[in-house]
Amino acid sequence: MQGKGVVKFFAILLAVVCLYQLSFTWVARRVQNDAKAYAKGDQLKYNAYLDSMSTIPVYPILGHDYQYCANNELALGLDLEGGMSVTMQISLKELVKKLSDNNPDIAFNTALNNAEADTKTSQKDFITLFVSEYEKLNPNGKLAAIFSTRDNQSHIKFDASNSEVESWLKDQGTAAVKQSYTVLNTRIDQFGVTSPNIQLQEGTNRILIELPGVKDEDRVRKLLSGTAKLEFFETFENEQAYQVLSNVNKVLAATKASAATDTAKIAANSTAKADTATAPAKGGLSLLNKVNKTAATAKDTSSVSGKSKLAQQNPLFAILAPVTYQDQTGQQKLRPGPTVGWCAMKDTATVDAYLSSPTVKSAIPSNMKFLWSVKPIEKTKIFELYAIKLVGADGAVLAGDVINDARSDVDQKGSPDVVMDMNSQGAQKWATITREASADPNNLQSIAIVLDNNVYSAPRVDGEISGGTSSISGSFTTDDTKDLANILKAGRLPAPAQIVDESVVGPSLGQEAINAGLLSEGLGLLVVLVFIVSYYNRAGTVAVVAVIVNMFFLMGVLTGLHAVLTMPGVAGIVLTLGIAVDANVLIYERVREEMALGKSVRIAINDGFKHALSSILDSNISTFLTGLILFVFGSGPIQGFATTLMIGIVTSLFCSLLISRLIFEWMLSKGWDIKFSNPWSSHTFKNANYAFVKNRFKFYAFSGIFIIAGLISIATRGFNYGVDFEGGRTYVVRFENKNVTTEDVHNAVDKTLGRGTEVKTFGTDISVTTNYLIDDTSANAENKVKSALISSLNAGASTHVAKDGILSSHKVSATIADELKKSAVWTVIFAILIISAYILIRFRKWQFSLGAMVATAHDALMVLSFFSLFKDVLPFSLDIDQAFIAAILTVIGYSINDTVVVFDRIREFLDLHHAKTDDPKVVINNAINNTLSRTIITALTVFFVLIVLFIFGGDVIKGFSFALLIGVCFGTYSSICIATPVIVDFGKKDLN
C-alpha cells in the first residue's frame, strides 16, 4: 500500500479533531448536569445557573467558557431535545392592500380575495395570481392608477404598465419577507435558546423557526406573531441620567440595609422624586470615583468580602457599570452620549427587576425610560443601557410608519451608512425634531431608533434635516447597515406574519425518542458486528474496527459542522451502520475469489482492494447523490437524514478503503493468519447458478400486477396522509386509563371534532389528528382546538386525560400540505433522473441507464403501492409524511447502490468473459450469480439493522423504518430481477 504515512497522518489528525469537537459536548453536558442538580426542577434556577456560568472558563487547560462550549456541542433537534418549530408566512395580501393605501376599488379587492384562495391549489406566487385575477375582472384596468399613490410615486409612474407594477410588487414582497426575517431573528434572541435555527425559505414568503428546549408555547406564538413597532425617541445625556441612577443605587442600598438591620425607615432625601432629569449636583461624581475604586479593590484582591461589600453598598453599580472614560489627569469622567450603563448579559434581568420595583420607580423621573441595546458589544456579552426621553402622550417623537424606504449605502469617505427616506408628513416632523436636537452646536443630542423596545442605534444629530432624506453613519459594517435598513423599513411593515405550520414536542416525548434512538443505534451496531465476525472470521474483526472508527469520525464531523441531530438523523446513522460494511463485503468477496484462484493472502488482499474499488466508488457516489438531492430539496427531518447519510458515506469510504487496509498491512507484518470465512460460510452461494435472466418475464409479471393493483388502490382508496400532507392538527395524548382504546377516543371526540378525525395508537399513548378549525387563523385558534379536544375527552371517565397529558402537537395548513405533496413527487423524479444520468456517464451504454431508471422507479412504485394496499391492514400506521419521502429516497439510493454493483460485475464479465459466440444472456446471468453473495450479505446486514430500528426505534419512526425495511427488500429484488433483465431486453444488439 503506497502512501501509508500520509494515510496515518490524516487518520491521526482527523481523530484528534473529532475528539476535540466531541469534547465540547462532554464539557457542556457536565455543566448542564450541575445546573440540574442545583435547580432541582426549578427552570428559572436552571437558566440562572447557566447564565451565571456563560462567561466562566469550564474547559480544562484551554479555558473556553461555558457559552463557547454550548455553542459548539452536538446540537439535538426538536424531536430529541423537545421544543417548538414554527413556519411563519408573511401576508402578502395585507402588503398589497397597504401599498395601494387601502384602495376601495371592487375589482382590486375581489382579485385579492381570489388570489388568496388560489394559493391553496396553485404553485404560482401570490403577486402573479393577484395580477392575473385583476386582469380577468378588469381587462382594461390599469394597476398603476391604484398603486401610484403619493408615497409610491417615486417608484410607480401613473402610466406604468401592469407588468411593471407586478415587478415592483414582487420586489416589495421580497423586501417585506427579508424585513420580517430580520425582526424575527432579533426576537428569537430573547428566548436564550441554544442552537436556534431560523431559515428564510428562498423563493417563498415563509420563514422556518426552530427553538429547541422552548417550553412557553404561548409566549412564542405571541412574540413571533406580534406586529413590529418601530419608534424614534429623544434621549438623555449620560450625565443627566447618572444622577437618577445614583439615586436608584442609594434607594437599593438603603432597602438592603433596612432588610439587614430591620430598620423601618429609609432616608427620605435619597428618594426624592424628580419630574425632569437634571445634571449631577456639585461633587456628584464623587460616588462614581468611589464605585470605581471599590470595584478595582475588589477585583485586585479577588476577595469575596470585597465583592460582597460592593454589592451591599452599591447594589446597582455592582452589576451596572457607569459609562466612563479616563481623562488626562487620570480621573473618571462620564462619557458623552445616551449610553448610561454597561451590564453583563447574565445581570440584565436583575437590573430590570431593580428598575421596575415600585420603590425604585419613585426615584426615576416620569419622562425617563431605560432600554437595552438589541445586541451586545462586539465580541463580548456586555449590553448597553440607554436613557430614553418620553415626550407627550405617546412617548416617541416619531413613529416608524413614516419611512418610505431605507437602504445600505456608503458615505463620501467610503464608509458604510444607511440612507433613510420619509414620506411628506414624516419629513416635516423630522425637520423639527432634528432642528431642536442640533440647536446647541456644543451639545448635540441623539435620537434613538427603537424596535420592540430594543435600541438599534442612537446617532447624534449634527444639523436640521429637511426633505425627509437622512444619512445615518457610525462605526458600521456592511452587514450592520443592511440590518439597520431592514429594521427601519420594518416600521412600515404592512405585511403581518402568521403561523401556518407549528410543531411542539414535549420534553418527555423527546427523552423517549432519545432513549429509543440510542437503544436502536446500540443494538443495530451489535447486530452488524456479530454478523460480520461470524461470517468473515478474523477479517470480520477488521470490519468491526472500521465501523467503530467510522462511528467516531461520523459523530465528530457532525459536531464540527454544527449539524443538528434529529430522530431521522439517528435513523440515518443506524442505516449507515448497515451500508458501512458494504464496502468491506465487496472487498472481502473479491479477496475470497482471488484466494480461490490460488493466490497468497497478501496478494489476494491487494488484488481484492484493487478490483473492488470501481464498484465501491460507483455505488457510494450514486448513494451520495441521492443524499445530496435530499439535502437540497428536502426540509426539516429530510435534511437531517441526508446530512448524516452523506457524512456517513464519506467516513465509511475512508475507513473501509484506508483504515481497513492499514489494519491488514499491520496484521500481515505481524505474521497473523488472516481468514476470510468460517467453515459454515466458506461455500455460501459458491457456484450459484440461478436462472434469473430466463425467469425475467415472471418477475415482470409479479411486479406489474403488484404495481397495477397499487395504482388502482391509490386512485380509489388513496393513502393515510400524515398531517404534513393533509393539513390539520395532531396531538399525542396520554390517558389516565392505560386500557383506553381508539374506539373509546373516537366516540368521545367525533361529536365535537367531526367524523374526519383520525385516532391511532402511538406506542402506549394515542394520537388524535383533526382538521377542526384548520382554516381559523386567529391567535387563539390553537387553544380553541386543544380545549375542545381535552373537554370532549374528559367528558368520559374512560378517556380522562392524564395531567400534562398532551405530550406533543403539530399543526400544518393545507397550503403547506399541498406544496409538500408536489415537492415530494418532483424530488423523487429528479433523484431518478440524476442517478440515471450518472449511470449513463459511468457505463457508456444507455441500456444500463434505462435499467437503473426502471429499477428505481419500480422500487418507488412498489413501496407506494404497498402503503396504499395495506394501509388499514397492519397493526401500525402507514402514514405518508415528510419522513416517508426520506425513506423513499433512501430506498432509491440503496437500490441504485446495489444495482450499480451488479452492473459493474456485468460490465466486467462482458469485457473479460465474453466472446462473440457467447450468449449475452448467459454471461449476464453468470455475472449476477457471481455477485450474489455480496448482494445477499449486504441486504441481510441492512435488513438486520432495520429490523432492530423497527422494533426498538420507537413509534416516532416506526412507519419510516418500515418503509425502509420493505424498500430494501424491493431494492434487492429489483437490482437482480428487474434492472439486469432490462439490459438484456433492450441491449440485444449492443451487447454482442
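Residues numbered from 1 in each chain as written. Predicted model: local features only at pLDDT ≥ 70, side-chain atom pairs only at ≥ 80, totals over all residues. Heavy atoms only, no water.

1. What to know about a nonpolar patch on the surface
A surface patch of nonpolar side chains, amounting to about 470 Å² of accessible area, comprises Val6, Phe9, Phe10, Leu13 and Val17. With respect to the helices and strands, valine 6 occurs in helix H1 (residues 4-39). (Patch = residues over 30% accessible without salt bridge, like charges linked within 9 Å, V, L, I, M, F, W, Y side chains within 5 Å. Areas by Shrake-Rupley, 256 points an atom, 1.4 Å probe, with all protein chains shown as cover. Salt bridge = Lys/Arg side-chain N within 4 Å of Asp/Glu carboxyl O. Helix = DSSP H or I, 4+ residues; strand = E, 2+ residues; numbered from the N terminus.)

2. Points about the state of the cysteines
A full pass over the atoms with the stated rule returns zero disulfides. In this structure cysteine 18 is not part of a disulfide, and its nearest cysteine sulfur, from cysteine 655, lies 9.5 Å away. By relative accessible area, which is 2% here, cysteine 18 ends up buried. (Disulfide = S-S within 2.5 Å. Buried < 20%, exposed > 50% of the residue type's maximum accessible area, 1.4 Å probe, protein only.)

3. Describing helix H2 (residues 43-53)
Within H2, the full set of buried residues consists of Tyr46, Leu50 and Met53. What you see down the axis of H2 is that its buried residues fit within an arc of 65 degrees, all on one side. Where H2 is buried, its residues touch H1 and helix H3 (66-72). (Arc of directions from axis to C-beta. Contact = heavy atoms within 4.5 Å.)

4. As for the nonpolar core
Ile839 and Phe867 are the most contacted members of the largest nonpolar core, which totals 134 residues. Contact partners of isoleucine 839, with chain neighbours within four places excluded, come to Arg844, Phe848, Ser849, Ala852, Ile896, Val900 and Phe903. (Core = buried A, V, L, I, M, F, W, Y, C linked by side-chain atoms within 4.5 Å.)

5. A few points about the pairing of strand E11 (residues 382-389)
With six of eight residues buried, E11 lies mostly within the body of the structure. In the sheet, strand E5 (residues 230-235) pairs with E11 via two bridges, with the strands oriented antiparallel. Bridged to glutamate 234 within E11 is lysine 389. With five bridges connecting them, strand E9 (residues 339-344) and E11 associate as antiparallel partners. Looking across to E11, one finds that alanine 344 is bridged to isoleucine 382. Where strand E10 (residues 368-372) meets E11, five bridges bridge the pair, whose relative direction is antiparallel. (Pairing = 2+ DSSP bridges.)

6. Considerations on the sheet that holds strand E2 (residues 83-90)
The eight strands are arranged E3-E4-E2-E18-E24-E21-E23-E22 in an open sheet whose pairing can be described as antiparallel. Both outer strands of the open sheet, strand E3 (197-201) and strand E22 (758-762), are each paired with one neighbouring strand and no more. Each strand of the sheet is rotated relative to its neighbour by a mean of 20 degrees, with strand direction disregarded. Sheet strands touched by helix H25 (residues 781-794): strand E18 (497-505), strand E21 (728-735), strand E23 (765-770) and strand E24 (801-812). Its angle to E21, the strand with the most contacts, is close to 40 degrees. (Axes fitted to C-alpha atoms, helices over the stretch in contact; angles between N-to-C directions.)

7. Some points on the pattern of salt bridges
This model, assessed by the stated rule, comprises 24 salt bridges. Between arginine 934 and aspartate 582 there is a salt bridge; the shortest N-O distance is 2.6 Å. Separated by 352 residues along the polypeptide, arginine 934 in helix H30 (residues 932-952) and aspartate 582 in helix H19 (residues 567-596) bring together distant segments of the chain. On the accessibility criterion, arginine 934 (2% relative accessible area) is buried. Accessibility expressed as a relative area gives 3% for aspartate 582, which makes it buried.

8. Considerations on the confidence of the model for the protein
Here the protein averages 81 in pLDDT, while 87% of its residues score no lower than 70. Looking over the protein, one finds the lowest element-wise mean pLDDT in helix H12 (residues 286-301), namely 45, and the highest in helix H22 (residues 696-716), namely 94. Long-range and interchain partners of residues 293-306, a stretch whose pLDDT sits below 50, account for five contacts in this model, where long-range means more than four residues apart. (pLDDT = per-residue confidence, 0-100.)

9. Things to note about the packing of helix H24 (residues 742-753) against H25
The description of two helices packed together rests on the angle between their axes and the distance between the axes. One way to put it is that H24 packs onto H25 with a least axis distance of 8 Å and a crossing angle of 135 degrees. With respect to H25, the axis of H24 lies oblique. Relative to H25, H24 is oriented so that their crossing is right-handed. On H25, the residues touching Val745, Ala748, Val749, Thr752 and Leu753 of H24 are Ala788, Leu789, Ser792 and Leu793. The class makeup of the residues in the contact of H24 with H25 is seven nonpolar, two polar and no charged. (Parallel < 35°, antiparallel > 145°, perpendicular 65-115°, else oblique. Left-handed = near helix turned anticlockwise from the far one by under 90°. Nonpolar A, V, L, I, M, F, W, Y, C, P; charged D, E, K, R; others polar.)

10. A look at unusual backbone geometry
In this structure, asparagine 102 is a non-glycine residue whose phi angle is positive, near 55 degrees. Examined against the element boundaries, asparagine 102 turns out to sit in the loop between helix H5 (92-99) and helix H6 (106-118).

11. A closer look at helix H32 (residues 979-986)
Helical periodicity: at 3.6 residues per turn, an α-helix aligns residues three or four positions apart in one direction. For H32, a buried count of six out of eight residues is recorded, marking the element as mostly surrounded by other parts of the structure. Listing the buried residues of H32 in full gives Ala979, Thr980, Pro981, Val982, Ile983 and Val984.

12. Quick word on the sheet that holds strand E13 (residues 403-410)
Strand order in the open sheet formed by three strands is E13-E14-E17, and the pairing between neighbours is antiparallel. Each edge of the open sheet is held by one strand with a lone partner, namely E13 and strand E17 (469-473). When strand polarity is set aside, the average angle formed by the axes of neighbouring strands in this sheet is 20 degrees. The sheet contact formed by strand E14 (residues 416-422) and E17 spans five bridges and is antiparallel. In the sheet register, aspartate 417 faces E17, and the bridge partner there is serine 473. On top of the sheet, helix H16 (residues 424-437) reaches E14 and E17; it is set at about 115 degrees to E14, its chief contact.

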